[in-house]
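Fold and contact review
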Amino acid sequence: MGLRAEESIKMLLKDKVLLVTGASKGIGAAIAVGAARQGAKVGINYGGDSAAAEKVVAEIKGFGGEAFAQKGDVSDPAVAQAFIAAGVEAFGKVDVFVNNAGICPFHSLLEMPVEVVDRTIKVNLNGAYYMVQAAAQQMVKQGHGGSIIAVSSISALVGGEYQTHYTPTKAGVLSLMQSTAIALGKHGIRANAVLPGTILTDINKDDLADVEKRTYMEKRVPLGRLGAPEDLAGPVIFLASDELAGYVTGASLLVDGGMFVNLQ
Ligand code: NAD
Ligand code: RM4
């Protein structure tokens, strides 16, 4: 039996302000809604679809939560400063920052256009850096710690034929959390990564429209199914919570149904 919204609103992230990038849909939206159900006040950044972002905000307000959405391309450093500032303006502080925005335009190595490589790195890695830095500056200024979580990937650890531009960005984001954990430990700020496996969202809709590939991917998962965006909410809430994860920093948490360890 699920928790009722009124009950869950008193829970793990009560009085916390959580900002998450790329949250108009997919994993980011599930994190935003899941955190709000645990009492967090939520700010969401998104890249394009304003109607989708407003729907996420409306869902949160619908169960009594507080939320705002702000459009902005994370590859622009000014967008990072503006997003963190918007969180402070709306809710007075930032306690938890989740870097989630990302793209994966599947493409072969040999014919990879330079624009696709550059864009993927700019959004996934440079964007993560700008956002994490802006969030960290705010948290240090506040002086009461914080939690930074990056959505990396199983692809930080293993490769993909059509992901030669993407997997290095996910390894980079994982590494960014490790170094950030060291840099910010003295400020009581924790930094961790979640590593989703294959989660059914728009990012891989076309790729997994290939039935043979989808069946192969499903067979690799010991738990017997590909992931849903909501599968990431719990792990992120855990890492966000000082009560549950107060001594966890520099860690990486696979959320992949067991796919990574499944050799044979
Ligand atoms: P999605 O396509 O459903 O959502 C992507 C979100 O990022 C959207 O809200 C979009 O607006 C936003 N976005 C894209 N480019 C942006 C930009 N330049 N500026 C701001 N926002 C931007 O994809 P998803 O599967 O939910 O992916 C979210 C994250 O999870 C990505 O970082 C992805 O690498 C990671 N991930 C996904 C999977 C998976 O299997 N779906 C697995 C591992 C990691
Ligand atoms: C993930 C992983 C998934 C893929 C998405 C786009 O990191 O590689 O299998 O579908 O990226």
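Reading the values: rules and limits
- Residues numbered from 1 in each chain as written.
- Chains lettered and ligands numbered in written order.
- Predicted model: local features only at pLDDT ≥ 70, side-chain atom pairs only at ≥ 80, totals over all residues.
- Heavy atoms only, no water.
- Near = heavy atom within 4 Å.
- Polar contact = N/O pair within 3.5 Å; in protein donor to acceptor, adjacent residues only side chain to side chain.
- Areas by Shrake-Rupley, 256 points an atom, 1.4 Å probe, with all protein chains shown as cover.
- Salt bridge = Lys/Arg side-chain N within 4 Å of Asp/Glu carboxyl O.
- Buried < 20%, exposed > 50% of the residue type's maximum accessible area, 1.4 Å probe, protein only.
- Phe/Tyr/Trp six-rings, centres within 6.5 Å; stacked < 30°, edge-to-face > 60°.
- Helix = DSSP H or I, 4+ residues; strand = E, 2+ residues; numbered from the N terminus.
- Lys NZ or Arg CZ within 6 Å of the ring centre and 35° of its normal.

Quick look at the site of ligand 1
For ligand 1, the set of nearby residues contains 32 residues, the closest of which are Ser24, Asn100, Tyr166, Ile199 and Thr201. A distance of 3.0 Å separates a nitrogen atom of ligand 1 from a polar atom in the side chain of Asp73. In this structure, Lys170 approaches ligand 1 through a side-chain N or O atom, which is 2.8 Å from an oxygen atom. With the chains in place, 93% of the 830 Å² that ligand 1 exposes on its own is no longer accessible.

Focus: the pattern of salt bridges
One pass over the full model with this rule turns up nine salt bridges. In this structure, Asp207 engages Lys213 in a salt bridge whose closest nitrogen and oxygen atoms are separated by 2.8 Å. A residue is classified by how much of its surface remains accessible, and Lys213, at 26% relative accessible area, is partly exposed. Here Asp231 and Arg225 are joined by a salt bridge, their closest N and O atoms 2.8 Å apart. The class of Arg225 is partly exposed, set by a relative accessible area of 46%. Sharing partners across several salt bridges, the network here consists of Lys16, Arg190 and Asp242.

Looking at the packing of aromatic side chains
For the structure shown, the criterion picks out two aromatic pairs. Taking the centre distance of 5.8 Å and the plane angle of 45 degrees together, the rings of Phe68 and Phe91 count as tilted. Here Phe68, found in strand 3 (residues 67-71), pairs with Phe91, found in helix 4 (residues 77-91); they are 23 residues apart in sequence, far enough to count as distant. We classify Phe91 as buried; its relative accessible area is 15%. Taken together through their ring pairs, the aromatic side chains of Phe68, Phe83 and Phe91 make up a single cluster. The ring of Phe63 has Arg37 lying over it, and the distance from NZ or CZ to the ring centre is 4.0 Å.

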